[in-house]
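Below are the chains, spelled out letter by letter.
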Amino acid sequence: MTRRSRRLLTTATAGVTAALLLAGCGGGGGDKSDANGKIAGADTETSASPSVSASAADTAGRPNITLPSDLTYSFEWAKTGNEKKDAVLGDTEQFIKAVDMAIAKQAPLDKAYRFYSEGLAAAGSQKFIQEFVDYKDRITGVKRYFDAKVQINDDGTAGLVYCEDQTKAFNKSLKTGKAEVTKASKDDYVLYNSLLQLNKQGVWITEKLTSQRGSSVCQP
């Protein structure tokens, strides 16, 4: 895997199709989608807002997420007004940050990301983090997330589709302290599909996660 392609995979990826799929993502999944990638019955968030998970770490039992000062986030998905859907968004934010924290700590078995994931998603996270450890790199810059669509399924699971803009996020060498700035391209836009399950502690755990780099759904 090249240095650039490793940076672009900024979240764990498992080779399993999630329950919620968009048109153009390479699957059906039984959900109706229109030609623009919108899902029937799913909320589309387009306006920016403060993180819906700002107080998530204050909840008893949740790990504290501490990140390098040169790594920031822009979660451009607003609250839906639905308690379950907002909780899915909030816990997904924490999962994303927890994976990046494990990368910064060079800790493939860090407890924080495993608090928010299990199964294939946790295994994929561990493998992904290990790649950064092997190269002695971490992530720096700004990671932007947008166009979140949440669906609560009849079986109690939740499907989440969202986009990531990686144009301002880069690898940073832990050996030299230098960031590897790369030219922006269509591959900096990634479409994610995740399947989540509510556990006994009331946390939405990511169980499965897939990604599609360069997806037309996420292009500006």
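Residues numbered from 1 in each chain as written. Predicted model: local features only at pLDDT ≥ 70, side-chain atom pairs only at ≥ 80, totals over all residues. Heavy atoms only, no water.

J.: Help me understand the overall build of the protein chain in this model?
T.: From N to C terminus, the protein chain includes 4 helices and 8 strands. The order of α-helices and β-strands along the protein chain, N terminus first, is α-β-β-α-α-α-β-β-β-β-β-β. The proportion of buried residues among the 220 residues of the protein chain is 51%. Considering only contacts within the protein chain whose residues lie at least 6 apart along the sequence, 71% involve residues at least 24 apart. Total accessible area on the protein chain is roughly 10,000 Å²; 50% of this is exposed by carbon and sulfur atoms. (Helix = DSSP H or I, 4+ residues; strand = E, 2+ residues; numbered from the N terminus. Buried < 20%, exposed > 50% of the residue type's maximum accessible area, 1.4 Å probe, protein only. Contact = heavy atoms within 4.5 Å. Areas by Shrake-Rupley, 256 points an atom, 1.4 Å probe, with all protein chains shown as cover.)

J.: How should the pattern of salt bridges be read in this particular structure?
T.: Two side chains carrying opposite charge are able to pair once their charged atoms lie near each other. Taken as a whole and judged by the stated rule, the model has 8 salt bridges. Residue K105 pairs with D110 through a salt bridge whose shortest N-O separation is 2.6 Å. Overall, the relative accessible area of 48% leaves K105 in the partly exposed class. Residue D110 is classed as buried on the basis of its relative accessible area of 9%. Each of D70, R138 and K172 takes part in salt bridges that share partners, so that together they form one network. (Salt bridge = Lys/Arg side-chain N within 4 Å of Asp/Glu carboxyl O.)

J.: How should the packing of aromatic side chains be read in this particular structure?
T.: Centre distance and the angle of the planes are the two values used to describe a pair of aromatic rings. In the structure shown here, the tally under the stated rule is 9 aromatic pairs. A centroid spacing of 4.9 Å and a plane angle of 75° characterise the contact between F115 and Y116, whose relative ring orientation is edge-to-face. Since its relative accessible area comes to 24%, F115 is described here as partly exposed. On the numbers, 5.2 Å between centres and 75° between planes, the contact of F128 with F132 is edge-to-face. Residue F128 and its partner F132 are both found in helix α4 (residues 119-135); the two are separated by 4 residues, about one turn of the helix. What makes F132 buried here is its relative accessible area of 0%. Three or more aromatic residues joined by ring pairs make a cluster, and in this case those are Y73, F75, W77, Y145, Y162 and Y192. Sitting over the face of the ring of Y73, K97 holds its NZ or CZ atom 5.5 Å from the ring centroid. Taking NZ or CZ as reference, R144 lies 4.1 Å from the ring centre of F146, over its face. (Phe/Tyr/Trp six-rings, centres within 6.5 Å; stacked < 30°, edge-to-face > 60°. Lys NZ or Arg CZ within 6 Å of the ring centre and 35° of its normal.)

J.: Looking at this structure, I do not really get α4. What am I missing?
T.: Side chains that are three or four residues apart share a direction in an α-helix, a result of its 3.6 residues per turn. Here α4 contains 17 residues, and its C-alpha end-to-end distance of 25 Å stays within 8% of the 24 Å for a straight helix at 1.5 Å per residue. Along α4, the positions that sit buried rather than exposed are A121, A122, G124, S125, F128, I129, E131, F132 and V133. Backbone geometry just downstream of α4 places K136 in the positive-phi region, at approximately 55°. (Expected span 1.5 Å × (residues − 1).)

J.: Even after reading the chapter, I still don't get the pairing of strand β5 (residues 169-173), so can you show me in this structure?
T.: The side chains of a regular strand alternate between the sheet's two faces. Across the 5 residues that make up β5, a large majority, 5, are buried. Relative to β5, strand β3 (residues 137-152) is paired through 5 bridges, and the arrangement is antiparallel. Paired with I139 across the strands is N171, a residue of β5. Counted between consecutive antiparallel strands, the loop separating β5 from strand β6 (residues 179-180) contains 5 residues, among which G177 sits at a positive phi close to 80°. (Pairing = 2+ DSSP bridges.)

J.: Could you clarify how one ought to interpret the state of the cysteines in this entry?
T.: Where two cysteines share a covalent bond between their sulfur atoms, that bond is called a disulfide. Tallied over the entire structure, the rule returns 1 disulfide. Disulfide pairing places C163 opposite C218 at an S-S distance of 2.0 Å. Negative torsions about the S-S bond denote left-handed disulfides, and the value of about -80° found for C163 with C218 makes this one left-handed. Residue C163 is located in strand β4 (residues 158-165), and its partner C218 is located in the segment after β8 (204-213); the two are separated by 55 residues in the primary sequence. The same class applies to C163 as to C218, namely buried. (Disulfide = S-S within 2.5 Å.)

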